[in-house]
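# Coordinate analysis (summary)
What follows is each chain in one-letter form.
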Amino acid sequence: MTIDPLIESISVNKIFGGWHKQYSHHSKTVNANMRFAIFLPPQANNGKKVPVLYWLSGLTCTDENFMQKAGALRIAAELGIAIVSPDTSPRGEEVADDNSYDLGQGAGFYLNASQAPWSRHYQMYDYVVKELPAIIEATFPVSDKRAISGHSMGGHGALTIGLLNAERYRSMSAFSPICNPIKVPWGKKAFSAYLGKDQASWYQHDASELMRIAKQFIPAKVDQGGADDFLKEQLKPETLEAAAKMSGYPLELTIHEGYDHSYYFISSFIEAHLRFHAEHLER
């Protein structure tokens, strides 16, 4: 394994026979320093190339939330899957920000901003789809077999990126995703700021709209907590389910009564998601 000298190691921890590693680097795409974490399963210890699951986190999160709270690494070690978790936005004093939690740093929404001042740094779509995988595949013993998943804002990102890049991913999944952002407060606020008033561009970042007209299919799995405080106002999984029925999309959507929006919910069902992805990554 050759580490790019431009990638700076932050931490290394052995876990379940594999390694959790955290790095920082200067991203040309977002024109700022970025941080990511990678879990390499024990199967990669001898240089064997393993498939990769890219995990996109939600509002206010960083690369650390999933790695520390989801309880995913034991199962990933068993299945031989690497997991890569980027930060949710560019950060730094020079990066535009907002006082609210749902816009600016920590809230990149996994799109390419076209409006000032956001457009200078907020190019998270290109970072996740192009730059980060190129770094990962050139630096670590991983293959180009990819899957993508995420939570909340990250679930929105995983679904839209998967739908727009069906040739790049074997499968996609999400926990509590923002399914129809063009019609909910979180999405309207972010899209207005990042993409501007012309709502034609918003549709390219709405999973329900993309799934409704999809022609290329990759397997999709979505889990949603029935006691999620954001369910009715912000998430709207029923719009995604209706879109899948219109296009015949292979979507598995399950509502779990009593579960909320937290990592208690994610950790309860992450094993099923990892096994779902492993099945398709092996094909």
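For the structure given in this document, a descriptive report is provided here. (Residues numbered from 1 in each chain as written. Predicted model: local features only at pLDDT ≥ 70, side-chain atom pairs only at ≥ 80, totals over all residues. Heavy atoms only, no water.)

### Some thoughts on the overall build of the chain
- What the chain contains, in helices and strands, is 9 helices and 9 strands.
- Against the globule reference of 19 Å for 283 residues, the chain gives a C-alpha radius of gyration of 18 Å, in line with a compact fold.
- Dimensions of the chain along its principal axes, counting C-alpha atoms only, are 50 × 40 × 35 Å.
- The 283 residues of the chain split such that 59% are buried.
- Of the contacts made within the chain by residues no fewer than 6 positions apart, 72% connect residues no fewer than 24 positions apart.
- Carbon together with sulfur atoms contributes 48% to the accessible area of the chain, which is approximately 11,700 Å² in total. (Helix = DSSP H or I, 4+ residues; strand = E, 2+ residues; numbered from the N terminus. Rg over C-alpha atoms; globule rule 2.2 N^0.38 Å. Buried < 20%, exposed > 50% of the residue type's maximum accessible area, 1.4 Å probe, protein only. Contact = heavy atoms within 4.5 Å. Areas by Shrake-Rupley, 256 points an atom, 1.4 Å probe, with all protein chains shown as cover.)

### Section: the environment of Asn65
- Looking at the element boundaries, Asn65 is found in helix α1 (residues 64-69).
- Residue class for Asn65 comes out buried when judged on its relative accessible area of 18%.
- Sequence separation between Asn65 and Arg91 is 26 residues, and the spatial gap between their C-alpha atoms is 16 Å.
- Ignoring any residue separated from it by four or fewer positions in sequence, one finds Asn65 in contact with Ala70 and Tyr263.
- In this structure the side chain of Asn65 is engaged in a polar contact, spanning 2.9 Å, whose partner is the backbone nitrogen of Thr62. (Polar contact = N/O pair within 3.5 Å; in protein donor to acceptor, adjacent residues only side chain to side chain.)

### Topic: the pattern of salt bridges
- Scanning all chains against the criterion turns up 12 salt bridges.
- Residue Arg35 is joined to Glu64 by a salt bridge in which the shortest nitrogen-to-oxygen separation is 4.0 Å. Here Glu64 lies in helix α1 and Arg35 lies in strand β3 (residues 32-40), a separation of 29 residues in the sequence.
- Arg35 gets classed as partly exposed once you look at its relative accessible area, which sits at 26%.
- Judged by its relative accessible area of 31%, Glu64 falls in the partly exposed class.
- Salt bridges linked by common partners bring Arg35, Asp63 and Glu64 together as one network. (Salt bridge = Lys/Arg side-chain N within 4 Å of Asp/Glu carboxyl O.)

### Description of the packing of aromatic side chains
- Under the criterion given, the structure shown has 15 aromatic pairs.
- For the pair Phe109 and Phe191, a centre-to-centre distance of 6.3 Å together with 75° between the ring planes defines the contact as edge-to-face. Linking Phe109 in the loop between β5 (82-86) and α3 (124-139) with Phe191 in helix α5 (residues 185-195), this pair joins segments that are 82 residues apart in sequence. Comparing Phe109 with Phe191 shows no difference in burial state: the two are buried.
- Seen from their ring centres, Phe175 and Phe265 are 5.7 Å apart, and the 85° between their planes marks the pair as edge-to-face. Of this pair, Phe175 sits in strand β7 (residues 172-175) while Phe265 sits in helix α9 (residues 263-281), placing them 90 residues apart in sequence. (Phe/Tyr/Trp six-rings, centres within 6.5 Å; stacked < 30°, edge-to-face > 60°.)

### Focus on α5
- Taken together, the buried positions of α5 are Trp186, Gly187, Ala190, Phe191, Ala193, Tyr194 and Leu195. On an axial view of α5, the arc spanned by its buried residues comes to 165°, and they lie on one face.
- Looking at the buried positions of α5, the neighbouring elements they touch are α4 (153-164) and α7 (231-235).
- Immediately beyond the C-terminal end of α5, within one or two residues, lies Gly196, with a positive phi of roughly 95°. (Arc of directions from axis to C-beta.)

### Some thoughts on the environment of Ser57
- In this fold, Ser57 is placed in the loop between β4 (50-56) and α1.
- You can call Ser57 buried: its relative accessible area is 0%.
- Not counting residues up to four positions away in its chain, the partners in contact with Ser57 are Thr62, Phe66, Ser85, Thr88, Tyr110, His151, Met153, Gly154 and Tyr263.
- For Ser57, the side chain forms a polar contact with the side chain of Trp55, separated by 3.1 Å.

### Considering unusual backbone geometry
- Residue Pro117 follows Ala116 across a cis peptide bond; omega there is 0°.
- Along the chain, Pro117 falls in the loop between β5 and α3.
- The phi angle at Phe16 is positive, at roughly 50°, despite the residue not being glycine.
- Relative to the assigned elements, Phe16 resides in the loop between β1 (7-15) and β2 (18-27).
- Backbone geometry places Thr60, a non-glycine residue, at a positive phi of 75°.
- When you line up the elements, Thr60 lands in the loop between β4 and α1.

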